[in-house]
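Next come the chains, spelled out residue by residue.
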Amino acid sequence: MTIRVWPGVPYPQGATWDGEGVNFSIFSEHATGVDLCLFHRSDDAVEAERIRLPNRTDLLWHAYLPDVRPGRLYGYRVHGPYEPRE
């Protein structure tokens, strides 16, 4: 199954089910890109799907996935500078 990716909205932040799909929104001040990683099971070592969040509004990266349902496991992979001392 191909997961459709629509622009989504920046607010509310987090993963929000609207009865038809899920809007994902995450804040990052320094990211150069954000991937949404979807998993089938909690013990999966590798994501089943990796989706680049295509839209950024101010400092919020976001996308709407009409094919995702509540309970889907997810995480984010954030790209950009790794400078923990700064």
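(A) Region of the structure containing the sheet that holds strand β5 (residues 55–57). With respect to topology, four strands assemble into an open sheet ordered β1-β2-β6-β5, the strand pairing being antiparallel. Pairing within the sheet leaves two strands with one partner each, and these edge strands are β1 (14–17) and β5. Here the average twist between neighbouring strands, direction ignored, is 25°. Sheet analysis places β5 next to strand β6 (residues 60–65), joined by three bridges and oriented antiparallel. Counterpart to R56 in the pairing with β6 is W61.

(B) Region of the structure containing the sheet that holds strand β3 (residues 33–39). On the basis of which strands lie adjacent, the open sheet formed by three strands has the order β4-β3-β7 and antiparallel pairing. Of all the strands in the sheet, just β4 (49–52) and β7 (73–79) have a single pairing partner and so form its edges. If you compare each strand with its neighbour and ignore which way they point, the axes differ by 25° on average. The pairing of β3 with β4 spans four bridges and is classified as antiparallel. Residue pairing in the sheet places D35 in a bridge with R52 of β4.

(C) The environment of L36, seen in detail. Among the secondary structure elements, L36 is positioned in strand β3. A relative accessible area of 0% places L36 in the buried class. In this structure the C-alpha to C-alpha distance between L36 and E20, which are 16 residues apart in sequence, comes to 19 Å. Every residue in contact with L36, bar those within four places of it in the chain, is listed here: F24, E49, R50, I51, L53, L65, Y74, G75 and Y76.

(D) Spatial organisation of the pairing of β6. Among the six residues that make up β6, six are buried, leaving the element largely enclosed by the rest of the structure. What you see with β6 is no split at all: L60, H62 and Y64 on one side and W61, A63 and L65 on the other are buried throughout. Both strand β2 (residues 22–27) and β6 contribute to a ladder of six bridges, which runs antiparallel. Opposite S25, over in β6, you have H62 as the bridge partner. Count of turn residues in the β5/β6 antiparallel hairpin: two residues, of which D58 carries a positive phi of about 55°.

(E) Region of the structure containing the packing of aromatic side chains. Inspection of the entire model under this criterion finds three aromatic pairs. For the ring pair W6 and Y64, a centre distance of 5.7 Å and an interplane angle of 20° mean the geometry is stacked. Placement of W6 in the segment before β1 and of Y64 in strand β6 is noted, with a sequence separation of 58 residues between them. W6 gets classed as partly exposed once you look at its relative accessible area, which sits at 40%. For Y64, a relative accessible area of 12% gives the class buried.

Thresholds, definitions, all that
- Residues numbered from 1 in each chain as written.
- Predicted model: local features only at pLDDT ≥ 70, side-chain atom pairs only at ≥ 80, totals over all residues.
- Heavy atoms only, no water.
- Pairing = 2+ DSSP bridges.
- Helix = DSSP H or I, 4+ residues; strand = E, 2+ residues; numbered from the N terminus.
- Axes fitted to C-alpha atoms, helices over the stretch in contact; angles between N-to-C directions.
- Buried < 20%, exposed > 50% of the residue type's maximum accessible area, 1.4 Å probe, protein only.
- Contact = heavy atoms within 4.5 Å.
- Phe/Tyr/Trp six-rings, centres within 6.5 Å; stacked < 30°, edge-to-face > 60°.

Without other data, these values stay purely geometric and don't point to any function.
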